[in-house]
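Architecture and fold: a report
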Amino acid sequence: MEDLMTKAKQTRNQRSSKGQMRVIEAVMASLIVVSAVAFLYASAATPSSQPQETSELEKIGHNVLHDIDEQGLLARFVYRSEWANLTSALVVSLPTNVYFNLTVYDVNGNPIGHPLMQYGNQQIFDSSKAVASVSYIVPGYQNNYSPRVLVLKLVRG
Amino acid sequence: MRAARGKKGQFIIIAALMLSIMILAVSTVIYGTVTYYRQERWEEYVTIVDSIKTASSNLLQIGLANYSQTSNPYVLRDYFNQWMRDVRKAYPGLGVDLSYSLASGIRSAYGVNLNYSLGLARTWNQQVSFSASDATVSIDVASMGLTGYNFSSHAFLKMNIRDAVWYSKESKRYVLIYISVEKEGPEAVVTLQKSNFGVKLSGVTPPAFSVKRYYSRTYSGFIYEIQVNSIDALPSSAEITLQDTRGIKTVSYTTNIQQSSD
């Protein structure tokens, strides 16, 4: 009888220890999986999108200048010095979170005198890591050949 | 019995480790796929080629505008020669090279045969008048290995005096001239103002005239109606000079002026 009781006690202790081990194993396995997921989450940095961003802005800038040119307005604005109209046309045509700075040069690279054509603070251009630059050439206006190169710099705010 | 239990416990840990490795591996592949972006160098050249293409087309309009105003037959050739040099300067270091071929001889433009010389043609002083320019341009960009990118471009302006009628009704005597204007496409030109037109009746410029634009069912298109008042006698001829917003000029002339008392 005493033997039976001792055996039963031993069996209960063994079962208890087996259950504890399973709990510990489950906790350890969970910890491994959770730490793997946590590692992934922590190391998932935002991709470096500067080249893509610049490329997108270049396309936007070129398309906007091309559209204004197609309407026959770009040459008029440039050669009749309608700088305010040109700035307004760009502000209206570009997405609201895109800032720009436009400079006009002759074909030899000499800047043409014109007021500052910029939308957005200079600080945005200085601090931005992705500044796109678009060159667009306009050959002349009406019957006068006198090429101008428009350099449009774009950043996203 | 104890050894078997120990093996079972290790298996769970190993399974968890393998699962973690799988999660890490799959996540890395998915992350790489989603954030993949390869900057293609040719993308920046597309905008440059497009810019040169548009500007070359505009140059044809500028050349035609100059030719129609000054009658200088060499202007387009001179402009293109200068343009070739200026494009190289405007895009230094890219190896941009431009060549051109100006239309010569009889060519069809929007259903009309025009006799081109050095890329320019005009047929003026007729009821239907034209001014046109035509050239083929080839672009090479050495830095991207692009050679022989060809495109043809043309500028065109057509004016047609559809009808000219002298109205004589009681004390009111006036002339109405109905005109249609088209540019390359062909596309109706609907943005012209009074300042774009000049009128002569029997070789004399009237002191005043008015211009109206509307869609006409009679002519199935947009029409400019020019009215000249106080014309006491039937004019022998009507001459309309048009200079569009691009500066391209054309002159139509007719002696076919109808008389109406309705």
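As a further point, take the sheet that holds strand β12 (residues 238-243) of chain B. Residues and elements named next belong to chain B. Read across the sheet, 3 strands follow the order β9-β12-β13 without closing on themselves; strand pairing throughout is antiparallel. Two strands bound the open sheet, and with one partner strand each, they are β9 (197-201) and β13 (249-254). Within this sheet the neighbouring strands show an average axis-to-axis angle of 15°, counted without direction. In this structure, β9 lies alongside β12, joined through 5 bridges in antiparallel fashion. Bridge pairing in β12 links Val199 to Ile240.

When its domains are assigned, chain A resolves into domain 1 (1-45) and domain 2 (50-156). For domain 1 of chain A versus domain 2 of chain A, the distance between C-alpha centres works out to 68 Å.

Quick look at helix α3 (residues 75-90) of chain B now. One turn of an α-helix holds 3.6 residues; hence residues three or four places apart share an orientation. When the terminal C-alpha atoms of α3(B) are compared, their 21 Å separation across 16 residues agrees well with the 22 Å that a helix rising 1.5 Å per residue should span. Of the positions making up α3(B), those classed as buried are Val75(B), Leu76(B), Tyr79(B), Phe80(B), Trp83(B), Asp86(B), Val87(B) and Ala90(B).

Residues and elements named next belong to chain B. Each assigned domain of chain B is listed here: domain 1 (43-156) and domain 2 (159-260). In this structure, domain 1 and domain 2 have C-alpha centres spaced 31 Å apart. Domain 1 puts 17 residues into the contact, and the matching count from domain 2 is 16 residues. When residues of the side of domain 1 that touches domain 2 are traced back to their parent elements, those giving at least two are α2 (42-70), β5 (128-141) and β6 (146-169).

Rules and cut-offs
- Residues numbered from 1 in each chain as written.
- Chains lettered and ligands numbered in written order.
- Predicted model: local features only at pLDDT ≥ 70, side-chain atom pairs only at ≥ 80, totals over all residues.
- Pairing = 2+ DSSP bridges.
- Helix = DSSP H or I, 4+ residues; strand = E, 2+ residues; numbered from the N terminus.
- Axes fitted to C-alpha atoms, helices over the stretch in contact; angles between N-to-C directions.
- Domains from an automatic or database assignment.
- Expected span 1.5 Å × (residues − 1).
- Buried ≥ 20, exposed ≤ 12 C-beta atoms within 10 Å, placed from the backbone.
- Contact = placed C-beta atoms within 7 Å.

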